[in-house]
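Each chain is listed here by its residues.
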Amino acid sequence: MAKKKVNKRRDYNLSSRDVITYEKSRIPRQTGFMILRGPGLNATEAIEENGLMRKMGIKKRFKLKFMQAMTLDDVIKHFKEANTWASGIIYHLGNITDEGEAHKKTIDRLLIPTLEIKEEGKASSLVEGLDKMSSKGPSANE
């Protein structure tokens, strides 16, 4: 028999200024990663990488969501959406340039780890970045 959900908030006479705190959920967030690509990347390499990442996801039991961004506004929008469901973000901006560092400011506000793929960075491909991110688990932003 299923347990009946009991409402912990018993006093409904609170004003709008009162702070209500709820307990943290005991249900862990399902592991899922967002893979974000910018414009100007090789399409055939992306298709091959997607296949390898899907196999890795099946093997390690996590979900993947592949996204494409054409502008900096799209990148920021995808980051904010992923903050609600993802365990991590692996992204490659491609040809998108950000002089004002707007995407870095958004990353600083995220509650999930992120990994940027660059040729001179910690990971040179999305597959390598996903392997690093999935093996170390959720930690701090990089």
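Note that the structure is a prediction, hence the values are computed from the model and not measured.

Q: Hey, could you run me through the side chain of D98 in this one?
A: Mapped onto the elements, D98 comes out in the loop between β3 (88–92) and α3 (102–109). No salt bridge is formed by the buried D98, whose closest oppositely charged neighbour, K104, lies at an N-O distance of 7.8 Å. A polar atom in the side chain of D98 sits 3.5 Å from the backbone nitrogen of G100. Polar contacts involving the side chain of D98 include one to the main-chain amide nitrogen of E101, which spans 3.2 Å. Excluding residues within four positions of it along the chain, D98 makes contact with L72, H103 and K104.

Q: How should the packing of aromatic side chains be read in this particular structure?
A: Pairs of aromatic rings are described using the distance from one ring centre to the other and the angle between the two planes. Taken as a whole, this structure holds two aromatic pairs when the rule is applied. The interplanar angle of 85 degrees and the centroid separation of 5.1 Å between the aromatic rings of F33 and F62 together place this pair among those described as edge-to-face. Placement of the pair is F33 in strand β1 (residues 32–37) and F62 in the loop between α1 (43–60) and β2 (63–68), with a sequence separation of 29 residues. Relative to Y91, the ring of F79 has its centre 5.1 Å away and its plane inclined at 70 degrees; by these criteria the two rings are edge-to-face. Here the residue F79 occupies a position in helix α2 (residues 72–85), and Y91 occupies one in strand β3, the gap between them amounting to twelve residues. Classification of F79 as buried rests on a relative accessible area of 0%.

Definitions and cut-offs
- Residues numbered from 1 in each chain as written.
- Predicted model: local features only at pLDDT ≥ 70, side-chain atom pairs only at ≥ 80, totals over all residues.
- Heavy atoms only, no water.
- Helix = DSSP H or I, 4+ residues; strand = E, 2+ residues; numbered from the N terminus.
- Buried < 20%, exposed > 50% of the residue type's maximum accessible area, 1.4 Å probe, protein only.
- Lys, Arg positive; Asp, Glu negative; His and termini not counted.
- Salt bridge = Lys/Arg side-chain N within 4 Å of Asp/Glu carboxyl O.
- Polar contact = N/O pair within 3.5 Å; in protein donor to acceptor, adjacent residues only side chain to side chain.
- Contact = heavy atoms within 4.5 Å.
- Phe/Tyr/Trp six-rings, centres within 6.5 Å; stacked < 30°, edge-to-face > 60°.

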